[in-house]
Amino acid sequence: MYANFDLHLPKDLSAALAILGDAGDDAKVMPLAGGTNLIVDIRARSLTPAALVGIGDISHLRGIDVTNGQVVMGGKTTVSDILRSPELTDRASSLVDSARVFGGQMVRNTATVAGNICYASPAADLVPPLLVLDAEVTLERREGERTLPLSEFYLDYKRTARRPDELLTRITWPARSSDSVDLFYKLARRKGDAITIAGIAVALGVADGKCTRARIALGAVAPIVMRALEAERMLEGETLTPELIEAAAHQAAQAASPVDDLRASGKYRRHCVQVLTSRLLTQAWRRLS
Amino acid sequence: MSETIAGSRRGANVEFRQVGMALPRIDAPGKSHGKTRYAGDHVMPNMLHAKVLRSPLASARLRRIDVSKARELPGVACVLTREELSGRLAPTDIAGQTGRKRLATDQPILVNDRVRYQGEPMALVAAETVVIAERALELIEFDLEPLPGVYDPFDALKPGAPIVQGTDNVVAKYKVRKGDTEAGFAAADVIIENTYCTQFIEHAFLEPEVGLAWVDENEVINIRVSTQVIEHFRFIADAVGVPHNKVRILGSLVGGGFGGKEDVTVEIYLALLAKATNRPVRLCYTREDSFFGHGKRHPFTLTHRTGFTRQGKITAWKVDMTADAGGYVFLSPYVLLYATVAAPGPYRVDNLHVDARAVATNNMFTSAFRGFGAAQACIAHEQQMDEAAKTLGIDRLELRRRNFLRTGDLIATGVPIESAVWSDECMTRAWEALGERTPDDGPIKIGRGVAAYQQSYGRITWLHDTSEAWVGIEMDGTVVVRSGVTDIGAGQVSALAQIAAELLGVHLTDVAVYNSDSSTTPLAGTTTATRALYMTGNAVRLAAEAVRERLLRRAAQEFEVAHGKVDMADNRVFVADHPERSMALKDLVAVCASEGVHRSELVMFRAPFTGEIDPETGQGRVHPDYTYGAQAVEVAVDTGTGEVTVLKSVGAHDVGLAINPDAVAGQIEGGAAQGQGYALSEELRYEQGQLTSTSFSEYLIPTAMDVPEYKAIILESRSGVGPFGAKGIGEPALTPVAPAIANAVADAIGVRIFDLPITPEKVVNALQRLGN
Ligand SMILES: Cc1cc2nc3c(=O)[nH]c(=O)nc-3n(C[C@H](O)[C@H](O)[C@H](O)COP(=O)(O)OP(=O)(O)OC[C@H]3O[C@@H](n4cnc5c(N)ncnc54)[C@H](O)[C@@H]3O)c2cc1C
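This next bit is on the pattern of salt bridges. According to the stated counting rule, one finds 70 salt bridges over all chains in the structure shown. The residue Glu398 of chain B makes a salt bridge to Arg401 of chain B at a minimum N-O spacing of 3.4 Å. Separated by three residues within a single helix, Glu398 of chain B and Arg401 of chain B lie in helix H12 (residues 396–401), roughly one turn from each other. Measuring nitrogen to oxygen at the nearest pair gives 2.7 Å for the salt bridge that ties Glu595 of chain B to Arg554 of chain B. Remark: Arg554 of chain B occurs in helix H15 (residues 532–559) and Glu595 of chain B occurs in helix H16 (residues 585–595); sequence separation between them is 41 residues. A relative accessible area of 46% means that Glu595 of chain B is categorised as partly exposed. Through salt bridges with shared partners, a single ionic network connects Asp22, Asp25, Arg141, Arg142, Glu143, Arg163 and Asp165 of chain A.

Encoded structure:
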């Protein structure tokens, strides 16, 4: 493998933001986190960055905290960190589930949440859970920071709202109580270390036997990880019945726009969106009642 | 997890002390401590690094190739193309030991005019660093004129198809005409006909191809390389144009072969570059190079027509099979022959008709892969047996039992099977070991499957296979074994040490084995065809027995007892009935040495030699012997998503005798995993000859998350032709796995998927067809 690029290893966030800021809109200067997407692409020559800004040494970007009813996760948090976090087991079981079926051990140890989000693969496994948890992302640049819902972060296939000089520093979401359940299922052609064919997350909230909050996120079946908004609306305010769940799952499958690729046909993907959405909604509802 | 069930001790005149014990293999400490130096771990001062330029097109004419810019790049030592090679060819046939002319299989070392498959090598570069070599590849300009290609063997057989090889693309044909199939079908109550398809498979060894070559002061081209076959030195010398004794191959422990390192890989490139530059040259394939660098497993299309009586007796069997040979011949004729011999499996079929052909296309060339055609044959005959059982309403195991071969029955090629056929015992035990059936759970349906097989061990008998080994005892009573055998990770060398330790009364750790050097270790043939233990194990046994015999004779004199009353164990020699009358082995050896008693022996072991089979009837001997066994599996199928989970998987094989049961269990477990990938997830896909599944993110071998705890059941009939009655297990361990899984999936969902791999999507489609 050969590749030519400058490697910056800033010691703190402001130094990192300064380097990115100097590069301005130059997308050839890229943040480097775990490198599990970036290095693969550089090796395959599908990416030829001029410079990489390593953020590995910025320790306060890593970690998970629960304060004031908010879960706050640093962008540099690794997939393994998610699995090791006692805070998350109860508060974000869909995210923990997706971390469990993410890559192999070596990849989990180095792959970061911000990398997963910013690479903007439609098959990114952490994104469907974060979407159903109503996560927000904080982007920082030399000039300041902004926070936006993750659902507004993705513009199109591998295009995001992030400016080239911004770092994703935090992911936050409201910590929920026991009247809410979130679940994730990864469908792939094998169980370990495989690229997702359909990654489905659902979250339901309940009060007085009625669904108060419904979230359905679909991975690998559209140009971006998408919410099935129409299907969600069908459920909110209702008591979920098998018929209603089936109808919502059908609606979610219709909303997807899957492609044919080496791993699966679009038709099969759509079928699985329906099957899995229905299963996960059924399970989630059963746990709440 | 394994258990061993010993048969009778028939034929065993030695009381075993080492053989049959699960001793830690002698290669284990080096590997587990990271001390083992594989071929890629060797470097030399002043070494160059090589790279291969490959054709991006599958069918083309090389109009122009211009390497001037690459040669000008600082740090580039050498660039070779057709200009320098002036049409030099490399044979792609099996490494011969007979000196006879081989099949006409030659391939230009570098593309001369025509490109026949994607990835065919066009130029070689040697440079000071890998990076410079990579840059040099990019500076090579070439002009390829696309030619019409043919990418399906059935298309390649049509009149007017582009010709890839020979005059009609047929690179090999075999037939069996045994008994009277017409009459057999007439006598049938039920006739079952189906077509089964298998896919291209990648060996996916851990260690991609790698080697290091240098020319020494005697003009010998030395090549240290990861290979199954050090005896390619003859091919390599012929290809490069030097005498046979001027090429030396040094093997290393191999990080996986599975047949993918049976053909020449990097050796000729290294030899050419080392010779041209007079500097050491290293060539290490990346995984991408490896996908293009060695032949794949043949996809087969097999149509079976089988007649049965109501009672489930086979009356006639007709098999038609077509294999995709890809762009060059390589070992396709032999693979096809194995598939032909194995076509009816471990069953007695008096009326058999087989037509088989291997057809050249512009796909990647195909060659050896563990199972070697017999695996593809098994995928078909075992699914066919299940389909028949379903139609006949007879239990699947029972139907097999009613048709299994018995010792003395004639196999497909009309010769009697001489060793034990424990197919039923193996199948029954494997099935029983599945235990209680896991219950269905809503959309999750459970299914079970079994498959039995017949797989040869040892090479084709008209290749006149031989193997040499030297065994000697040192002055301190330690033992040395020298043999050219290569160890491809299955414990080949350790098994030889265990045999020598057994026969010379020492511990395994007292034996040193020097192997895999084509110049200094006696040539032992290939580590392929499940032959290493059979052939070299016998050579070591015979050599060790000769040394043992001399030592015991001398000891008998010393003890003043009759010859035959003396035994040896634990580094001592003693009177068998009076073990207190003993002496240290080293003292006996000292006596022998001072008297000039020969303390070593060089032995050549010869397999049975025959002529070829009758080309019209396919009748005659093809192999020394066969291994029999079975795999039983339980799977869970998610009928919603089509995902298949293997819950239980048991291999039971009659290995004749297990020299080291742990090593045998390792083979069985590895075969179970490799066969699972074959059944469910692995597939190299070519579109118009272009590989589209180019990495391990698309080519999916099972991970630890995908496999259950495999179970190995070892049966020992002591009836094989290997040392102490051993048979072979390397290839057999894989052969029944994929069809057992296919049968289990069909059992779970009530519908069969006739083409491998059984992907979740195919399962869903099959269920939807069933629903409509
Ligand atoms: C063998 C293997 C298996 C894999 N399995 C999975 C899997 O199962 N599921 C899955 O979803 N993915 C998988 N991946 C993909 C990859 O591991 C993930 O997407 C991972 O989360 C990327 O994180 P990273 O830290 O390695 O990112 P990097 O490769 O370092 O960066 C990825 C992208 O994000 C940008 N970036 C990184 N950090 C920041 C930041 N803080 N702010 C702004 N931009 C940033 C980089 O510039 C780059 O464009 C796998 C990859 C490999 C090699």
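To continue, consider the pairing of strand E16 (residues 300–308) of chain B. Residues and elements named next belong to chain B. In terms of strand pairing, strand E11 (residues 190–197) meets E16 through eight bridges, oriented antiparallel. The partner of Ile192 across the bridge, within E16, is Thr306. When E16 meets strand E17 (residues 314–326), the two strands line up antiparallel, connected through nine bridges. Bridge pairing links Phe308 to Ile314 in E17. Here E16 hands over to E17 after five residues, with Gly312 in that stretch at a positive phi of 90°.

This part covers the site of the ligand. Residue and element names in this part refer to chain A. Looking at the ligand, there are 32 residues lining it, with Pro31, Gly34, Thr36, Asn37 and Thr112 nearest. In this structure, Gly34 approaches the ligand through a main-chain N or O atom, which is 2.7 Å from an oxygen atom. In the model, a nitrogen atom of the ligand is placed 2.8 Å from a nitrogen or oxygen of the Leu168 main chain. Out of a free accessible area of 980 Å², the ligand has 88% covered by protein chains. Those elements giving two or more residues to the shell around the ligand turn out to be strand E2 (29–32), helix H2 (38–43), helix H6 (105–110), helix H7 (113–119) and strand E10 (167–174). By residue number, the principal contributor to the shell around the ligand is H7, which donates five residues. Across the shell around the ligand, the residue classes tally to 18 nonpolar, nine polar and five charged.

Next up on the list: helix H7 (residues 233–240) of chain B. All names here are of chain B. Burial of H7 is extensive: six of the eight residues sit out of reach of the surface. Restricting attention to buried positions, one finds in H7 the residues Phe233, Phe235, Ile236, Ala237, Ala239 and Val240. Among the structural elements, strand E5 (89–90), strand E13 (221–225), strand E14 (247–251) and helix H8 (267–277) are those in contact with the buried residues of H7. Trailing H7 by a residue or two, Gly241 shows a phi angle of about 90°, which is positive.

Conventions and cut-offs
- Residues numbered from 1 in each chain as written.
- Chains lettered and ligands numbered in written order.
- Predicted model: local features only at pLDDT ≥ 70, side-chain atom pairs only at ≥ 80, totals over all residues.
- Heavy atoms only, no water.
- Salt bridge = Lys/Arg side-chain N within 4 Å of Asp/Glu carboxyl O.
- Helix = DSSP H or I, 4+ residues; strand = E, 2+ residues; numbered from the N terminus.
- Buried < 20%, exposed > 50% of the residue type's maximum accessible area, 1.4 Å probe, protein only.
- Pairing = 2+ DSSP bridges.
- Near = heavy atom within 4 Å.
- Polar contact = N/O pair within 3.5 Å; in protein donor to acceptor, adjacent residues only side chain to side chain.
- Areas by Shrake-Rupley, 256 points an atom, 1.4 Å probe, with all protein chains shown as cover.
- Nonpolar A, V, L, I, M, F, W, Y, C, P; charged D, E, K, R; others polar.
- Contact = heavy atoms within 4.5 Å.

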